[in-house]
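Here are the chains, one letter per residue:
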Amino acid sequence: MKPSGINGTIRRVPQDIHFMGRALAAAEKALEQGEFPVGCVLTCENRVVATGARTGTGGGERNEVDHAEIRALRRLADAAPAADPRGLTLYTTMEPCLMCFGAILLYNIGRVVFAYEDVMGGGTRCDLRRLPPLYRSCRTVVTGAVRRRESLLLFKRFFSDPSNGYWRGSRLAEYTLAQKTDHLINH
């Protein structure tokens, strides 16, 4: 998947590699706890201001609210930083779903950087020009495929583990397990 821009230009900055590493570490920790491996880091001026990891996917009943991005946004709101949200960058190991992307847009986050595309529920490919004015006016810049291979390997581990039932047999699971990793490079 190529990096994509939404209402802005595509930018790759050296910090993207570093901060995606922090999101990958959060995703690895979530995976170790039996959760879907999504980690999220919010930065302002190259400083981490909030983090989140996916919960509600391991065992028991599914929780479709506590996504890594939503948890990071809640922590950001609790911390009440004085920073302009347009100066914030959100790093996440999987493309934000429609719910998370809507929250990101409403929060007015300046940039979103993700590692692995969500072929089943990714929200960043929505055509904002066709949505109501509130969303149409958003200027969030989106960059994808940063450290994609590392994130893909986490999702392959998750979907290959028979004890993980979350989204088993879904389009995302099938797509992920079919991906070859030997030829992929990280950006």
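Residues numbered from 1 in each chain as written. Predicted model: local features only at pLDDT ≥ 70, side-chain atom pairs only at ≥ 80, totals over all residues. Heavy atoms only, no water.

Draft legend 1. Local environment of the sheet that holds strand β4 (residues 111-116). Read across the sheet, five strands follow the order β2-β1-β3-β4-β5 without closing on themselves; strand pairing throughout is mixed. The outermost strands of the open sheet, each flanked by one partner alone, are β2 (47-53) and β5 (141-143). Across the sheet, the mean angle separating the axes of adjacent strands is 15° when strand polarity is ignored. In terms of strand pairing, β4 meets β5 through three bridges, oriented parallel. Its bridge partner being in β5, V113 is matched across the sheet by T143. Set on the sheet, helix α5 (residues 148-160) makes contact with β3 (88-94) and β4; between it and β4 the angle comes to about 55°. (Pairing = 2+ DSSP bridges. Helix = DSSP H or I, 4+ residues; strand = E, 2+ residues; numbered from the N terminus. Axes fitted to C-alpha atoms, helices over the stretch in contact; angles between N-to-C directions. Contact = heavy atoms within 4.5 Å.)

Draft legend 2. Inspection of the pairing of β4 at higher detail. Among the six residues of β4, six are classified as buried, and the element is accordingly described as predominantly covered. Crossover handedness for the path β3 to helix α3 (residues 98-107) to β4: right-handed. (Buried < 20%, exposed > 50% of the residue type's maximum accessible area, 1.4 Å probe, protein only. Right-handed = clockwise from strand over helix to strand, strands pointing away.)

Draft legend 3. Spatial organisation of the packing of aromatic side chains. Per the counting criterion, the structure on display carries nine aromatic pairs. Measuring from centroid to centroid gives 5.9 Å for F36 and F159, while their planes differ by 65°, and the two rings are edge-to-face. Taken as a pair, F36 in the loop between α1 (14-32) and β1 (39-44) and F159 in helix α5 lie far apart in primary sequence, 123 residues in all. Each member of the pair, F36 as well as F159, carries the same accessibility label: buried. A centroid spacing of 5.4 Å and a plane angle of 80° characterise the contact between F158 and F159, whose relative ring orientation is edge-to-face. A residue is classified by how much of its surface remains accessible, and F158, at 0% relative accessible area, is buried. (Phe/Tyr/Trp six-rings, centres within 6.5 Å; stacked < 30°, edge-to-face > 60°.)

Draft legend 4. Just the pattern of salt bridges, in detail. With the rule as written, the count across this model stands at eight salt bridges. The shortest N-O distance in the salt bridge between D66 and R74 comes to 3.1 Å. For R74, a relative accessible area of 42% gives the class partly exposed. As a salt-bridge pair, E117 and R148 come within 2.7 Å of each other at their nearest N and O atoms. Separated by 31 residues along the polypeptide, E117 in the loop between β4 and α4 (133-136) and R148 in helix α5 bring together distant segments of the chain. A residue is classified by how much of its surface remains accessible, and R148, at 8% relative accessible area, is buried. (Salt bridge = Lys/Arg side-chain N within 4 Å of Asp/Glu carboxyl O.)

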